[in-house]
Structure formats: structure tokens, C-alpha cells
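# Analysis of the macromolecular model
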Amino acid sequence: MTVLSTEFTMQRDICLKKHNTLALPARADYFCRVDSLDHLYQAIDYAKQHQLKLIPIGEGSNLVLADDVRGLVIDINLKGIDIQDSRVDRVQVTVAAGENWHHTVESCLRQGLYGLENLALIPGKVGAAPIQNIGAYGVELSDVFTSLSAIEVATGNLVQFNAQDCQFAYRSSIFKQGGLDQYIIVGLCLELSKIPMAHAEYPALKAALKGSDTSPEAVFEAVCRIRREKLPDPAEIPNVGSFFKNPVITVAARDQLLAKYPSMPSYPQSGGLSKIPAAWLIEQCGYKGRRQGNVGVHDKQALVLVNFQGDGTELLALARNIQTDVKVKFGIDLVVEPRIYGDTA
Ligand SMILES: Cc1cc2nc3c(=O)[nH]c(=O)nc-3n(C[C@H](O)[C@H](O)[C@H](O)COP(=O)(O)OP(=O)(O)OC[C@H]3O[C@@H](n4cnc5c(N)ncnc54)[C@H](O)[C@@H]3O)c2cc1C
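An account of the accompanying structure is given in this report.

To continue, consider the sheet that holds strand S12 (residues 183–193). If you walk across this open sheet you meet the five strands as S6-S7-S12-S10-S11, and the pairing is antiparallel. Of all strands in the sheet, those bounded by a partner on one side alone are strand S6 (81–84) and strand S11 (158–162). The mean inter-strand angle of the sheet, taken between neighbouring strand axes irrespective of direction, is 20°. Summarising the sheet, strand S10 (residues 145–152) and S11 pair through five bridges and their orientation is antiparallel. Paired with Ile-151 across the strands is Leu-158, a residue of S11.

It is worth spelling out the packing of helix H2 (residues 101–110) against helix H5 (residues 216–230) at this point. Viewed as axis vectors pointing N to C, H2 and H5 meet at an angle of 155°, and their least axial separation amounts to 11 Å. Relative to H5, the element H2 is oriented roughly antiparallel. Here H2 and H5 pass one another in a crossing that is left-handed. Where H2 approaches H5, its residues His-102, Val-105, Glu-106 and Leu-109 are matched on the opposing element by Pro-216, Glu-217, Phe-220 and Cys-224. Partitioned by chemical class, the residues of the contact of H2 with H5 number five nonpolar, one polar and two charged.

This part covers the pattern of salt bridges. For side chains bearing opposite charge, pairing can occur when the charged atoms are close. Per the counting criterion, the structure on display carries 15 salt bridges. One salt bridge in this structure joins Glu-191 and Arg-90, with 2.7 Å as the shortest N-O distance. One end of the pair, Glu-191, is in strand S12; the other, Arg-90, is in strand S7 (residues 90–96), and 101 residues separate them in sequence. Residue classification places Glu-191 among the partly exposed positions, given a relative accessible area of 23%. Overall, Arg-90 belongs to the partly exposed group, its relative accessible area being 24%. A salt bridge links Arg-171 to Glu-337; its shortest N-O distance comes to 4.0 Å. With Arg-171 in the loop between helix H3 (163–166) and S12 and Glu-337 in the loop between helix H8 (312–330) and strand S20 (339–341), the pair connects residues that are 166 residues apart, well separated along the chain. Per residue, the accessibility class of Arg-171 equals that of Glu-337, and both read buried.

Calculation notes
- What you see as residue numbers is a count from 1 along each chain, following the sequence as written.
- Restriction of local features to residues with pLDDT of at least 70 applies here, the model being predicted, together with a cutoff of 80 or more for giving and counting side-chain atom pairs; totals for whole chains, interfaces and linings are based on all residues.
- The side-chain quantities take in all heavy atoms of the structure and omit both hydrogens and water.
- A pair of strands is labelled paired if DSSP reports no fewer than 2 bridges between them.
- In this description a helix means any DSSP run of H or I spanning at least four residues, a strand means any run of E spanning at least two, and both kinds are numbered starting from the N terminus.
- A fitted line through C-alpha atoms represents every axis, and for helices the fit uses only the stretch in contact; the resulting angles, taken between N-to-C directions, go from 0 to 180 degrees.
- Reported orientations rely on four angle classes, namely roughly parallel under 35 degrees, roughly antiparallel over 145, roughly perpendicular from 65 to 115, and oblique for the rest.
- Whether a crossing is left-handed or right-handed is set by the direction in which the near helix is turned from the far one by less than a right angle, anticlockwise for left-handed and clockwise for right-handed.
- For this analysis, residues touch if any pair of their heavy atoms sits within 4.5 Å.
- Note on residue categories: nonpolar means Ala, Val, Leu, Ile, Met, Phe, Trp, Tyr, Cys or Pro, charged means Asp, Glu, Lys or Arg, and polar means any other residue, Gly included.
- A side-chain nitrogen of Lys or Arg and a carboxyl oxygen of Asp or Glu constitute a salt bridge if their distance falls within 4 Å.
- Note on exposure labels: buried denotes an accessible area under 20% of the residue type's maximum, exposed denotes more than 50%, and partly exposed covers the range between, all computed with a 1.4 Å probe on protein chains only.

This is the structure:
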């Protein structure tokens, strides 16, 4: 892990607008950026001394700041990528939590290390990737994950988690469940292939590739192209990507809905379950492209809520309206995907 030695400074009453991709204007009581493990330990000590809640963040691309944040927000900026090339066909890549995720994907591909291409252009830093087991176009972090290192907040101990410990699931892990707020992730170890291999089976990807070149490089380019066409750039239209998880229901419940809504898309899952695209449900309730005050639903992607200079309260009010209407029409509960801070409603 590279250690960049810059001064460690604690700031107070900081506006977080630039630190979350929804550009929500919340403030943090305390804020610091950590460039080394030493800084991180100093920040944890400071929080302990002042009895502050710790909120580690990356690029804020999966945060909804409903109100001002009471506590110490830590911008994780640990850098470094290390490759352990001990096998003929595979390598272990250790990446520090503050590295940008997409740059890591690009850098690995450039060095002929394969497995991350489908996860190209997901915003955020490496340390946040395990939190919701990021996934896209048929691949999830858990497919390449070996282990992670984290600091346990309560003890200050550096601890290791293997894949099983992380309890990865669809947009979930132990860090969103029993381990919520207990660990600060400092680095990940990923296992990548030296032999070109690609996952090109995901329908939208397959269509974009048109069955021709299915090399990892072609998959990477296709994923970037689709994402740029489909998803609003947070720098232009503030958003956090998918606002809700795609609901997973029983096949029996799906069949009941299909009898009423024959055009409803669904994707089979193991264990007699079926995944329904939340975007379709939201669109059917008339929300696609709808504006509510200073927030709204994107006109090309109904799963993406966008902010036109509104605040977290307005955004969550829109999210609740959507949840209510989807529940009334389809009997399905939509679960919010990003982490909400400061919601008191
Ligand atoms: C346009 C757009 C498209 C997206 N597409 C996808 C997609 O295809 N698939 C997908 O899975 N996600 C997607 N996302 C969501 C988001 O990019 C991911 O969840 C990403 O991993 C968040 O990274 P971040 O650094 O911005 O985390 P943040 O938003 O800063 O933090 C998210 C959560 O992780 C915690 N956290 C952050 N860093 C650490 C750390 N080092 N240790 C412990 N906890 C930490 C925070 O406390 C917070 O609870 C998208 C978002 C946007 C804006």
C-alpha cells in the first residue's frame, strides 16, 4: 500500500455537496481525508475522544444525505495497487480502498488481467465495492473477490474477511447487515485471470456485442458504451444510479402478476424465485420522466432518481411516493439501494 504523507487535518462544519453524487447540500459536523493508515488511526482516535459516529465515504455515489451528518465523515483516500504474480494462469491483485474503482478496472485490463470488465464505469472507490457487492452485466464483485482488510472500529484491530465472512448477496454483504458501521475497509484482494476470458452472456451485453468479438477488451468497450448511453452522468445530472433494488419474489407471486400484467419482464433466480425489474414497475406507475418539485425520475431510466437542486427530504418524499404506488399496484415492496443518512421521517 503506497503511503502518501500529507498533513492530517480535521475540519468542522463542512458542506458535503461535492462529496455525494446526488449533490445534496448536507453538512458534516466533522470531516477529514485520510491518505494513510496512520491518518485513519488518528481519525478513529479523534472520534473516540469526542464520542463521534464514524462515517467512512468514498465518492458518495451510493449515499442519500437526508439531513446534516452528525459525526465524523472520513474520506478514504488510501492508494496503491499491488500484483502478486505467483501462478501461471491467475494473479492476486491487492488494491487500497481509496483507489477509484473504474481506474482499477482499466488498469488491470491494460496489464492483461481479466475478470473486471463487466464492472467498468461503476462510480466510486474500491473500499465501497464490497459494501453492496457491486454488480453489473452479469458479474458481481464476489466473482473475483478473495479477501479484504478492515479496521474494526471498536477495537482498532486490523482484521481480515474472506468471501464467506462477507456474506455476499445481491447488493448486500455483512457490511450492510450485522457488521453495519463496525468496520472501515482499507483494502481488497481480487483474483484475476491472466488468460483472456469474458462474460458476454448478459442479454443487453450480448445484443451490444452482436456475437462478433467477445474478448475482454470488447466487453469492456461495450459495457462503457451501454452505460454512457443509458445512465445519466452524475456530474451533469446528480444521481446515485439505481435507487431501488430489483425485487425478488416467489415464482407463484410472479405468475399471479403475469396473469394480470402479461408484458411484465422477469428473470428466474435459484430457489423458486424470480427477479422483477424495479424500473418496469416504476414506469408502470407513471413515474418515468416525472418531476416532483426540485427532484424527479430520469426520463430514460425509471430506476434513477435525479436531483435538480433539491434536498434529501424532497428526494426521499419522492422515493416514498414511488414505493407506495408500486405496493398498491403490484403488492411489491421496493427496497432502497443506497445508504440513507439523517432520515428522521
Ligand atoms: C451513475 C451511477 C451508476 C451506478 N451503477 C452501479 C452499478 O452498476 N452497480 C452497482 O452495484 N452500483 C452502482 N452504483 C452505485 C455505486 O457506484 C456503488 O455502490 C459504489 O460502490 C459506491 O462507491 P463510493 O465510493 O461512491 O461509496 P459511498 O457512496 O461513498 O459509500 C457507500 C457506502 O459504503 C460505505 N463505505 C464507503 N467506503 C467505505 C470503506 N472504505 N469502509 C467501510 N465502509 C465504506 C459508506 O459509509 C456508505 O455506507 C452506481 C452509482 C451511480 C451514481
